[in-house]
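Results of the structural survey
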Amino acid sequence: MLTLDRDEARRIAVRAQRLDARAAVAVAEVVPLVEHLTFLQLDPTAVIAPSADLIAYTRLGAGYRPEQLQQAVECDRLLYELKAQDDPVQPPFAMVRPVSDLGLNLDRMSAGPVHGGWKAWLEANPGFRRDVLDRLRAEGPLMSKDIPDTGQAPWGSSGWTHNRNVTMMLELLQGLGEVAVAGRVGRQRTWDLAERVYPAGIQVVPEREAKGIRDARRLKALGVARPQLVGDAGEPARVDGSSREWRVDPDAVGQPFAGRTALLSPFDRLVHDRVRSEELFGFEYLLEMYKPEAKRRWGYFALPILHGDRLVGKLDATADRKAGLLRVAAVHEDAPFTAGTRDAVDAAITELAAWIGVEVPR
């Protein structure tokens, strides 16, 4: 079993996520990035920028433009949007994945999505299911509001999905691989038959083989991870100071490292596993947008701050696009910054503001 010190474990993680100095490139290419990361998480919150765009920017630099992601999804069909699980310990969420990996997911999708009660609900709504598919076949792509609700039984939930029957039917049929997101009009998804969105001739990998391949690709994107997230991929490892067993990408061990400073989305994969963040980086973080303001420690949508191979603080900032300003409420330092760290963080804030087209007040 490999034994890693925490410095090496952190550097493996940062390199794997393409957040080290070598990753910044002059010409942004979003599709190869998503193929390496395996997905970009989508979230409508845009306090500074939409999460997927912020994640791409932190890897590709100022040359990346959001239009590239839209082009890859809606025109080139090199990426596709869906709502799904990525690993066994997370609920489904919206993401874009590379079409080159579609064959690794289709067999799993055909077995059905993971939403509780989905199978019984579909069986209770056979006419509704046919109506949705027939409407898309005749008129698609369509937004959900353009599809009549002909459900025989409503979708029951204690949350926001209660009685949102058309949206749930579309998402469940997407999970089965029968319909797909064709694009967006503003924030609204447009839907069509999967056969008209996904390319023809995709080779479907049986799930018994596909799971291992997905785990290996996930580990390559994370570098070092808990077995719950990557199965038996890579090799087992111990990390000094941690009592857990880890899995590590052996090709990532012992590689040279040069760090940089980056302001991360709260949904960034470097920080998404709170256990790993605390044990490898000593970094405590929680997205506080759902907390009452008086109970927030770091801010509504605070951005984790990466400096070198360490997560050193959180940036509480908001883009005021009407005023053309990036309003910085606070830079929370987990430990007092050195002068060099402070200068690097200030420079990263200025660069981020320039990328989104605003200025930092002086």
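So, here's what we can say about the structure. Quick caveat, the model's predicted, so the values are computed rather than measured.

Parameters at a glance
- Residues numbered from 1 in each chain as written.
- Predicted model: local features only at pLDDT ≥ 70, side-chain atom pairs only at ≥ 80, totals over all residues.
- Heavy atoms only, no water.
- Helix = DSSP H or I, 4+ residues; strand = E, 2+ residues; numbered from the N terminus.
- Rg over C-alpha atoms; globule rule 2.2 N^0.38 Å.
- Contact = heavy atoms within 4.5 Å.
- Areas by Shrake-Rupley, 256 points an atom, 1.4 Å probe, with all protein chains shown as cover.
- Buried < 20%, exposed > 50% of the residue type's maximum accessible area, 1.4 Å probe, protein only.
- Pairing = 2+ DSSP bridges.
- Core = buried A, V, L, I, M, F, W, Y, C linked by side-chain atoms within 4.5 Å.
- 1 Å grid on protein atoms, 1.4 Å probe; cavity = no way out; pocket = protein on both sides within 12 Å on 5 of 7 lines; lining within 4 Å.
- Points joined across faces, edges and corners; volume = space filled by probe spheres on them.
- Nonpolar A, V, L, I, M, F, W, Y, C, P; charged D, E, K, R; others polar.
- Phe/Tyr/Trp six-rings, centres within 6.5 Å; stacked < 30°, edge-to-face > 60°.

Our next topic: the overall build of the chain. The helix and strand inventory of the chain stands at 13 helices and 14 strands. In terms of overall size, the chain behaves like a compact globule, its C-alpha atoms giving a radius of gyration of 21 Å where 362 residues would be expected to give roughly 21 Å. Viewed in the frame of its principal axes, the chain has a C-alpha envelope of about 65 × 55 × 40 Å. Considering only intrachain contacts with a sequence separation of at least 6, the fraction spanning at least 24 residues in the chain is 60%. When the accessible area of the chain is evaluated, it comes to approximately 16,500 Å², of which 51% is carbon and sulfur surface.

Looking now at the environment of glycine 234. Tracing the backbone through its elements, the reader meets glycine 234 in the loop between helix 11 (227-230) and strand 9 (235-239). Assessed through its relative accessible area of 40%, glycine 234 is described here as partly exposed.

For a regular strand, side-chain orientation follows a simple rule: the groups alternate between the two sheet faces. With respect to burial, strand 13 (residues 310-320) is a largely interior element, eight of its 11 residues being buried. Two strands pair when backbone bridges link them, and strand 12 (residues 303-307) and strand 13 are joined in this way by five bridges, in the antiparallel orientation. Following the sheet pairing, isoleucine 305 is matched in strand 13 by glycine 313. Between strand 12 and strand 13, which pair antiparallel in sequence order, lie two residues; one of them, glycine 308, sits at a positive phi of approximately 65°. Pairing analysis gives eight bridges linking strand 13 to strand 14 (residues 325-333), with the strands arranged antiparallel. Looking at strand 14, one finds that aspartate 316 is bridged to alanine 330. In sequence, strand 13 turns back onto strand 14 through a hairpin of four residues, with glycine 324 there showing a positive phi of about 70°.

Our focus in this paragraph is the environment of leucine 136. Here leucine 136 lies in helix 7 (residues 126-139). With relative accessibility at 0%, the residue leucine 136 sits in the buried group. Residues leucine 136 and phenylalanine 267, spaced 131 residues apart in sequence, show a C-alpha to C-alpha distance of 33 Å. Residues within four places of leucine 136 in sequence aside, it is in contact with Leu142, Ile147, Leu170, Val179, Trp191, Asp192, Leu193 and Arg196.

Following glycine 140, the chain continues into proline 141 via a peptide bond in cis, with omega recorded as 5°. Among the secondary structure elements, proline 141 is positioned in the loop between helix 7 and strand 5 (142-143). Notably, threonine 38 is not glycine yet its phi reads approximately 80°, a positive angle. Of note, the phi angle at arginine 77 is positive, near 55°, even though the residue is not glycine. Here arginine 77 is to be found in the loop between helix 4 (66-75) and strand 3 (79-84). Look at arginine 77 and you get partly exposed, because its relative accessible area is 24%.

On to the sheet that holds strand 5. Pairing is antiparallel across the open sheet formed by three strands, whose spatial order is 5-7-6. Across the chains shown, the open sheet's two edge strands, defined by having one partner strand only, are strand 5 and strand 6 (179-185). For strand 5 and strand 7 (residues 188-193), the ladder comprises two bridges, and the chain directions are antiparallel. Looking at strand 7, one finds that leucine 142 is bridged to tryptophan 191.

Moving on, we come to the nonpolar core. Counting 68 residues, the largest nonpolar core has Ile48, Leu270 and Leu326 as the members making the most contacts within it. The biggest single contributor to this core is helix 13 (residues 339-356), with seven residues. Apart from residues no more than four positions distant in its own chain, isoleucine 48 is found in contact with Leu303, Ala317, Thr318, Ala319, Arg321, Leu326, Leu352 and Ile356. Residues Leu136, Val166, Val179 and Val181 belong to the second largest nonpolar core, which totals 21 residues.

Turning next to empty space enclosed by the protein. If you walk through the whole model with that rule in mind, you get four cavities of 30 Å³ or more. Here the largest cavity is characterised by a volume of approximately 90 Å³. Per-element accounting of the lining of the largest cavity gives the leading share, three residues, to helix 10 (residues 207-222). Along the lines of polarity and charge, the residues of the lining of the largest cavity split into one nonpolar, two polar and six charged. Around the second largest cavity sit Gln17, Leu37, Thr38, Phe39, Asp86, Asp87, Arg218, Ala221, Leu222, Arg269 and His272, which together line it. Examining the composition of the lining of the second largest cavity, we find that three residues originate from one element, helix 10, more than from any other. Of the residues that constitute the lining of the second largest cavity, the class distribution is four nonpolar, three polar and four charged.

What follows deals with the packing of aromatic side chains. Taken as a whole and assessed by the stated rule, the structure comprises nine aromatic pairs. Ring geometry for tyrosine 80 and tyrosine 198: centres 5.4 Å apart, planes at 75°, overall edge-to-face. In this pair, tyrosine 80 sits in strand 3 while tyrosine 198 sits in the loop between helix 9 (194-197) and helix 10, placing the two residues 118 residues apart along the sequence. Of the two residues, tyrosine 80 and tyrosine 198, neither departs from the other in class, the shared state being buried. On the numbers, 6.2 Å between centres and 85° between planes, the contact of tryptophan 121 with phenylalanine 128 is edge-to-face. Residue phenylalanine 128 is classed as buried on the basis of its relative accessible area, which comes to 0%. An aromatic cluster of three or more residues is present, and its members are Tyr57, Tyr64 and Trp355.

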